[in-house]
Amino acid sequence: MYFETEGIVLKKRKLNDSDVFLTLLTKKLGKVQVFVKGANNPKNSLNKGSHPFVYADFSIRGEKNYSLSNVETKDTFYNFRENLKTLSYASYFVDIVDHVINEDESNFELFQLLIESLMILNKTTGYEEKLKLYFEFKALKALGYAPLVNQCMICSKKENFNKFSVTSGGVICKECSKKHPSAIDLHPMVIKLMQFTLSSNISEYLKKDINSLLIDKMDIFINSYMEYYLQMGNIKSKKFLKIYE
Ligand SMILES: [Zn+2]
């Protein structure tokens, strides 16, 4: 079998001095492991496509055991290696995607979100924390775990929210919150921002001026929410982000 597909390198694993295994997220095959013969040789034409973050058209041979036969790079995101902060955020985005998608599984929405987010990281600075929140909410949405923020989880009322139940995955209104002491307090402004983040596209979201205190509050919330639904504990790059927060 022979496939030509757009994809991005999530991980690179060295096999020996010359060969590597790449973990790719592709449009046609989903997440796959691909053997690359001679990838570590700088003169080999496959070398330029065999690095983390490379976004390219990959030509892949095989059935279950895949190997790379050609690569046409679209973007190598090489600049990430020159700025530690950018590199940390890019690694975090890629690690989340690698963590939540199983082998041979596809998620087109997440693929698009990853490419879009890496492109923004590549051309702007100063928006990293804000972009991280967008990425996390949209990744949850792409996986079917988006928090329900438009109606009360108990009575379905569409206003006056002041609490959030992580286990139920949604907001609770003032009246119902008395009956649910285990739900966490969430400022109505944070709930409003969550509604906006989930319904906007990336350019609308980035244009909106968001108070840094609100970003911090959302960050605390999304961390516990993601931990509960996606078990993020073993994602190493997450720890590096702490340096920049
Ligand atoms: Zn209610």
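For clarity, every value in this text was computed on a predicted model and none was experimentally measured.

Colleague: In this structure, what is going on with the domain arrangement of the chain? I would like to understand it.
Modeller: In many reports, interface size means the accessible area that the parts give up when they come together. Each domain of the chain was delimited in the assignment, giving domain 1 (2–76) and domain 2 (81–147 + 186–244). Relative to domain 2, the C-alpha centre of domain 1 lies at a distance of 26 Å. Listed per partner, the contact involves 13 residues of domain 1 and 15 residues of domain 2. At the level of secondary structure, the elements contributing two or more residues to the side of domain 1 that touches domain 2 comprise β1 (2–14), β2 (20–26) and β3 (30–36). When residues of the side of domain 1 that touches domain 2 are assigned to their parent elements, the largest contribution, 4 residues, is made by β3. Of the residues contributing to the side of domain 1 that touches domain 2, the split by class is 7 nonpolar, 3 polar and 3 charged.

Colleague: How do you make sense of the sheet that holds strand β6 (residues 161–165) when you look at a structure like this?
Modeller: Whenever strands of a sheet pair, they do so through backbone hydrogen bonds, lying parallel or antiparallel. One open sheet holds the 3 strands; their spatial order is β7-β6-β8, and the pairing between them is antiparallel. Edge positions in the sheet fall to β7 (170–173) and β8 (184–185), since each has one partner strand and no second. Strand direction decides the pairing type here: β6 and β7, joined by 4 bridges, are antiparallel. Bridging from a neighbouring strand, phenylalanine 161 pairs with cysteine 173 of β7.

Colleague: Explain the pairing of β3 to me, please; I cannot follow it from the model alone.
Modeller: Where β2 and β3 come together, 7 bridges link them in antiparallel fashion. In the strand pairing of β3, threonine 23 is matched with glutamine 33. Summarising the sheet, β3 and strand β5 (residues 66–75) pair through 2 bridges and their orientation is parallel. Considered in β5, the bridge of phenylalanine 35 is made with serine 67.

Colleague: What's the story with helix α2 (residues 108–123) in this structure? I'm lost.
Modeller: For an α-helix the count is 3.6 residues per turn, leaving residues at separations of three or four pointing the same way. With 16 residues, α2 extends 23 Å from end C-alpha to end C-alpha; this agrees with the ideal 22 Å at 1.5 Å per step. Listed as buried for α2 are Leu110, Phe111, Leu113, Leu114, Ser117, Leu118 and Leu121. On an axial view of α2, the arc spanned by its buried residues comes to 165°, and they lie on one face. Opposite its buried face, α2 presents the exposed residues Phe108 and Lys123, each directed more than 90 degrees away. Contacts made by the buried residues of α2 are with β1, β2, α1 (84–100) and α3 (128–142).

What counts and what doesn't
- Residues numbered from 1 in each chain as written.
- Predicted model: local features only at pLDDT ≥ 70, side-chain atom pairs only at ≥ 80, totals over all residues.
- Domains from an automatic or database assignment.
- Contact = placed C-beta atoms within 7 Å.
- Helix = DSSP H or I, 4+ residues; strand = E, 2+ residues; numbered from the N terminus.
- Nonpolar A, V, L, I, M, F, W, Y, C, P; charged D, E, K, R; others polar.
- Pairing = 2+ DSSP bridges.
- Expected span 1.5 Å × (residues − 1).
- Buried ≥ 20, exposed ≤ 12 C-beta atoms within 10 Å, placed from the backbone.
- Arc of directions from axis to C-beta.

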